[in-house]
Structure formats: structure tokens, C-alpha cells
Amino acid sequence: MNVSEAREKLYRLLDETAAGHEPVLITGPRSNAILIGEEDGNAI
């Protein structure tokens, strides 16, 4: 998903990522990032 889409859906993305334990790739013109839930991040 691109950064503009992620910005529009940020709160829903946070909820879905935490509940579903599925990372989300966010792509942007300068760089990319992966959104993961806090629980999954703590497990790393």
C-alpha cells in the first residue's frame, strides 16, 4: 500500500495489524517501511 493510502487509513491499519498479526508494507517515493503490531515487534 502506498503512503497516501496508509495515511488515510492509519487507525484502521493499526487495529487490523495488531489483531491479524500480518505486517503491512507501506511504500513511498523516498523509502519503504513495514508496519507491525506492538506484540509482534516485542517478539522479535
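Higher on the page you've got the structure.
Throughout this document, residue positions are counted from 1 along each chain, in the order its sequence is written. Reporting in this predicted model follows two pLDDT cut-offs: at least 70 for local features of residues, and 80 or more for side-chain atom pairs to be given and counted; totals over whole chains, interfaces and linings ignore these cut-offs and use all residues. Hydrogens and water are ignored here; the side-chain numbers use all heavy atoms of the structure.

**Student:** I'm lost on the pairing of strand β2 (residues 32-35) in this one. Help?
**Tutor:** Note on strand geometry: in a regular strand, side chains alternate between the two faces of the sheet. Sheet topology places strand β1 (residues 24-27) next to β2; four bridges connect them, and they run antiparallel. Considered in β2, the bridge of V24 is made with L35. Only when DSSP finds a minimum of two bridges between them are two strands counted as paired. Runs of E in the DSSP output that reach at least two residues are strands. Runs of H or I that reach at least four are helices, and both are numbered from the N terminus.

**Student:** Is there a simple way to think about unusual backbone geometry in this case?
**Tutor:** Most peptide bonds adopt trans geometry, and most residues besides glycine take a negative phi value. The backbone of H21 sits at a positive phi, close to 55°, despite the residue not being glycine. Within the secondary structure, H21 sits in the loop between α2 (10-20) and β1. For every residue, the accessible area obtained with a 1.4 Å probe (protein chains only) is divided by the maximum for its type, and the residue is called buried under 20%, exposed over 50%, and partly exposed between those limits. The partly exposed category is assigned to H21, whose relative accessible area is 39%.

**Student:** I keep staring at the nonpolar core and nothing clicks. Help me out?
**Tutor:** It is characteristic of soluble globular proteins that their nonpolar side chains tend to be buried jointly. The nonpolar core is taken to be a set of buried Ala, Val, Leu, Ile, Met, Phe, Trp, Tyr and Cys residues, with the residues joined through side-chain atoms within 4.5 Å. Counting residues in hydrophobic clusters, the biggest one holds five residues: A6, L13, V24, I26 and L35. Contacts: residue pairs with any heavy atoms within 4.5 Å of one another. Each residue touching I26, except ones within four places of it in the same chain, is listed here: M1, N2, V3, A6, N32, A33 and L35.

**Student:** What am I meant to see in the pattern of salt bridges here?
**Tutor:** Two side chains of opposite charge can pair, provided their charged atoms sit close to one another. Counted as salt bridges are all cases of a side-chain nitrogen of Lys or Arg within 4 Å of a carboxyl oxygen of Asp or Glu. Counting across every chain of the model gives one salt bridge. A salt bridge links E16 to R12, with the shortest nitrogen-to-oxygen separation between them at 3.2 Å. Taken as a pair, E16 and R12 lie in helix α2 at a separation of four residues, close to a single helical turn. A relative accessible area of 42% means that E16 is categorised as partly exposed. Look at R12 and you get partly exposed, because its relative accessible area is 43%.

**Student:** How should the environment of A33 be read in this particular structure?
**Tutor:** Assignment of secondary structure puts A33 in strand β2. The sequence separation of A33 and E22 amounts to eleven residues, and the corresponding C-alpha distance is 14 Å. Apart from residues lying up to four places away in sequence, A33 is in contact with V24, L25 and I26.

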